[in-house]
Amino acid sequence: MKKRILRMFEDKGILVDPDALDALADSADAMKCANIILDDPLRPLVLTRSDVENYLTCQPAPKPPEPMSSRDRPIGEEAIRDDGPLEVKIVKDITGNSTCVGNLIDFAKLFNDRYTTLTKILQRRRELSGLVSIAKAKKVQRDIRFVGIVNDIRQTKNGHTLIELEDEEDKIQVLLMKGSKKASESFVKDEVLGIVGSFSKDGEIVIAKEIIRPEVPINSGMVPNGSNSILAFVSDIHVGSTEFLPDAWNRFISWLNKDPAAKQIRYILMPGDLVDGIGIYPGQEDELLIEDIYAQYAELARLVAMIPARIKIIMMPGNHDAVRLAEPQPALPTELRSMFEARTIFVGNPCYLEIEGRIILAYHGRSMDDFIGSIRNLSYGRPAEIMKEMLKRRHLAPIYGERTAIAPEQKDYLLIDRVPHIFVTGHVHACAVDEYRGIKLINASAWQSQTGFQRMHNQTPDPAKVPMINLGTGETWVEDFSS
Ligand SMILES: [Fe+2]
């Protein structure tokens, strides 16, 4: 079997790491997985174990959920469902791992981690085989391949696009000719790009032939795994706001408790803005029903306690919550956690989770403001399009120095370094269910009608919708509690 697989890849000029070969051979359907990788236009030049793991068809055969080890079990997680223990693992989260002290050196480490991680991903792309550093590219002065972080983007007076890229030690100017397909693409500051190009006659700038993004590979999505659990998404509740929608919430709670269709809901993930907070935007005090932050969380605890006890709750903060604003944000502090039932799991923003074998990337979505401000055609009403831009760049918040505050951690927790099955966001108060290269995309509505601030910024929310996903089949749908 291994020899056959190896030959298939060799025929296509792909080197296979021994670990990757083992992972393929151990997968439930090695040949199917190998063929999916070979059919992917973004397949790597050297196949590694993590590549194989990212091609989601290579999952073990469906088996009943195993009980979690005590090491995997988050604090406070004791809930047991009728047919076995609930499975929630926190895969990656800043909570308890913050290293930042806020000096310039820390920012250098953060960007270095971003550059290094995304360069490793780009290195596997055949178009970038033989890539060199920018300094070396300048010495070679012929056809070159390199990777850099976007430092500046501008239009020349002749209408060409000029991008300044930098790596750990040098900078370079890259020209995208007016009218070319590349020039029609949208670039944002601080994203990482791979460039294939050649130097201009005067040797000053590089004329780009190809621009390669880290991009997520195409995969076959959520192969049925035997689970019958449903994961529901409830975002941007904004408890404490005068615009919070208690009637819609009560309809949702009543449905959860009475409707047979709700029986299989085992988990509810809340991707941020749990409460409205205090002093978040100018004039917010006029739109607050509850003006004390602790009282807001106490009311949230009361509302969440109405959710049937069989359902595990996962709470993440957003930019309205009582944690630091700079991302990555840690989970709610202990004094607030103690207000909630033991079935509640508290995670940071962003966070990678694994629930019943499915990898979930949850991010509140503050950077959507910066994406909308930087890329034409993106809007608050179509968040899935913004999520696709994040996946292309393998980064949740690449743009530094705009509205999204970034904490100078030594590791970049906003990198999309693992390909998820499900990617969920909130923040824009829209409801969207979509798919991109096999990844389910969800933006999880809100429980607040239009605020004065949103009216001023021409944002129309689509509240009281609950997107859901069947963790076994990957089927997605939306339940509407708006009327
Ligand atoms: Fe919000």
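Analysis parameters
- Residues numbered from 1 in each chain as written.
- Predicted model: local features only at pLDDT ≥ 70, side-chain atom pairs only at ≥ 80, totals over all residues.
- Heavy atoms only, no water.
- Pairing = 2+ DSSP bridges.
- Helix = DSSP H or I, 4+ residues; strand = E, 2+ residues; numbered from the N terminus.
- Axes fitted to C-alpha atoms, helices over the stretch in contact; angles between N-to-C directions.
- Expected span 1.5 Å × (residues − 1).
- Buried < 20%, exposed > 50% of the residue type's maximum accessible area, 1.4 Å probe, protein only.
- Arc of directions from axis to C-beta.
- Donors = N, O, S within 2.8 Å, 3.2 Å for Na, K, Ca; no water.
- Tetrahedral: all angles 85-135°; square planar, octahedral: opposite > 155°, others 65-115°.
- Salt bridge = Lys/Arg side-chain N within 4 Å of Asp/Glu carboxyl O.
- Domains from an automatic or database assignment.
- Contact = heavy atoms within 4.5 Å.
- Buried area = accessible area lost by both parts, 1.4 Å probe.
- Polar contact = N/O pair within 3.5 Å; in protein donor to acceptor, adjacent residues only side chain to side chain.
- Nonpolar A, V, L, I, M, F, W, Y, C, P; charged D, E, K, R; others polar.
- Core = buried A, V, L, I, M, F, W, Y, C linked by side-chain atoms within 4.5 Å.
- Phe/Tyr/Trp six-rings, centres within 6.5 Å; stacked < 30°, edge-to-face > 60°.
- 1 Å grid on protein atoms, 1.4 Å probe; cavity = no way out; pocket = protein on both sides within 12 Å on 5 of 7 lines; lining within 4 Å.
- Points joined across faces, edges and corners; volume = space filled by probe spheres on them.

## Digging into the sheet that holds strand 18 (residues 431-436)
Strand order in this open sheet of 6 strands is 5-15-16-17-19-18, and the pairing throughout is mixed. At either end of the open sheet lies a strand with only one pairing partner, and these are strand 5 (88-93) and strand 18. The average angle at which neighbouring strand axes cross in this sheet is 20°, direction not considered. Sheet analysis places strand 15 (residues 351-355) next to strand 16 (residues 358-363), joined by 5 bridges and oriented antiparallel.

## Focus on helix 7 (residues 246-258)
Its 13 residues give helix 7 an end-to-end C-alpha distance of 18 Å, which sits within 8% of 18 Å, the value for a rise of 1.5 Å per residue. Regarding helix 7, the residues found buried are Ala248, Trp249, Phe252, Ile253, Trp255 and Leu256. Buried positions in helix 7, seen along its axis, are confined to an arc of 160° and lie on one side of it. For helix 7, the exposed residues lying more than 90 degrees away from the buried face are Asp247 and Lys258.

## Overview of the coordination of the iron ion
Distances from the iron ion to its protein donors, namely Asp236 (OD), His238 (NE2), Asp273 (OD) and His429 (NE2), fall within the range 2.0 to 2.3 Å. Here the iron ion is ringed by 4 donor atoms whose angles at the metal span 86 to 179°, and the overall shape comes out irregular.

## Regarding the pattern of salt bridges
In the structure shown here, the tally under the stated rule is 21 salt bridges. The partner of Asp22 in a salt bridge is Lys2, with the nearest N and O atoms 2.7 Å apart. In this pair, Asp22 sits in helix 2 (residues 18-26) while Lys2 sits in helix 1 (residues 2-11), placing the two residues 20 residues apart along the sequence. A relative accessible area of 39% places Lys2 in the partly exposed class. Where Asp417 meets Lys92, a salt bridge forms, and the shortest distance between an N and an O atom there is 2.9 Å. Here Asp417, found in the loop between helix 11 (383-393) and strand 17 (422-425), pairs with Lys92, found in strand 5; they are 325 residues apart in sequence, far enough to count as distant. One connected set of salt bridges, linked through shared partners, spans Glu185, Glu191, Arg213, Glu389, Lys392 and Arg393.

## Focus on the domain arrangement of the protein
As assigned here, the protein comprises domain 1 (2-54), domain 2 (89-97 + 219-480) and domain 3 (125-212). Put simply, the middle of domain 2 and the middle of domain 3, counted by C-alpha atoms, are 36 Å apart. Taken together, the contact pairs 6 residues of domain 2 with 6 residues of domain 3. Interface area for domain 2 against domain 3, summed over the two sides, is near 560 Å², with a carbon-plus-sulfur share of 55%. Where domain 2 meets domain 3, there are 1 salt bridge. On inspection of domain 2 and its partner domain 3, the count reaches 3 residue pairs in polar contact (both at pLDDT 80 or more). Each residue belonging to the side of domain 2 that touches domain 3 can be placed in one class, and the counts come to 4 nonpolar, 1 polar and 1 charged.

## With respect to the sheet that holds strand 10 (residues 206-212)
The strand order around the closed barrel formed by 5 strands is 6-7-8-10-9, and the pairing between neighbours is mixed. The mean inter-strand angle of the sheet, taken between neighbouring strand axes irrespective of direction, is 55°. In this structure, strand 6 (residues 144-155) lies alongside strand 7 (residues 161-166), joined through 6 bridges in antiparallel fashion. Its bridge partner being in strand 7, Asp152 is matched across the sheet by Glu164.

## Notes on the nonpolar core
Among the nonpolar cores identified, the biggest contains 46 residues, and Met390, Leu391, Leu396, Phe423 and Leu441 are the most heavily contacted of them. Sorting the residues of this core by element identifies helix 5 (104-123), strand 6, strand 9 (192-199), strand 16, helix 10 (368-374), helix 11, strand 18 and strand 19 (439-444) as the ones contributing at least two each. There are two domains that each give this core at least three residues, and those are domain 2 (89-97 + 219-480) and domain 3 (125-212). Not counting residues up to four positions away in its chain, the partners in contact with Leu391 are Glu215, Val216, Ile416, Phe423, Tyr436, Ile439 and Leu441. Counting residues in hydrophobic clusters, the runner-up holds 38 residues, among them Trp249, Phe252, Met315 and Val323.

## Comments concerning the environment of Lys258
With respect to the element layout, Lys258 can be found in helix 7. For the pair Lys258 and Gly197, spaced 61 residues apart in sequence, the C-alpha to C-alpha distance is 62 Å.

## Remarks on the packing of aromatic side chains
The final tally for this structure, using the stated rule, is 9 aromatic pairs. Plain terms: the ring middles of Trp255 and Phe481 are 5.4 Å apart, the flat faces sit at 65° to each other, and that makes the pair edge-to-face. Taken together, the residues Trp255 in helix 7 and Phe481 in the segment after strand 21 (476-480) connect sequence positions 226 residues apart. Look at Trp255 and you get buried, because its relative accessible area is 12%. Feature note: the residues Trp249, Phe252, Trp255, Trp447 and Phe481 constitute an aromatic cluster, connected by ring pairs.

## Section: empty space enclosed by the protein
According to the stated counting rule, one finds 2 cavities of 30 Å³ or more in the structure shown. Around the second largest cavity sit Lys92, Asp93, Ile94, Pro328, Pro350, Cys351, Tyr352 and Tyr413, which together line it. Along the lines of polarity and charge, the residues of the lining of the second largest cavity split into 6 nonpolar, no polar and 2 charged.

## Brief notes about the layout of surface pockets
For the second largest pocket, the calculated volume is near 490 Å³. Lining the second largest pocket are 21 residues, with Ser184, Glu185, Ser186, Phe187 and Arg213 sitting closest to its centre. Mapped by element, the contributors of at least two residues to the lining of the second largest pocket are strand 6, strand 10 and helix 11. Examining the composition of the lining of the second largest pocket, we find that 3 residues originate from one element, helix 11, more than from any other. For the lining of the second largest pocket, a count of residues per class yields 7 nonpolar, 6 polar and 8 charged. Residue assignment places the lining of the second largest pocket across two domains, with domain 2 (89-97 + 219-480) and domain 3 (125-212) each supplying three or more.

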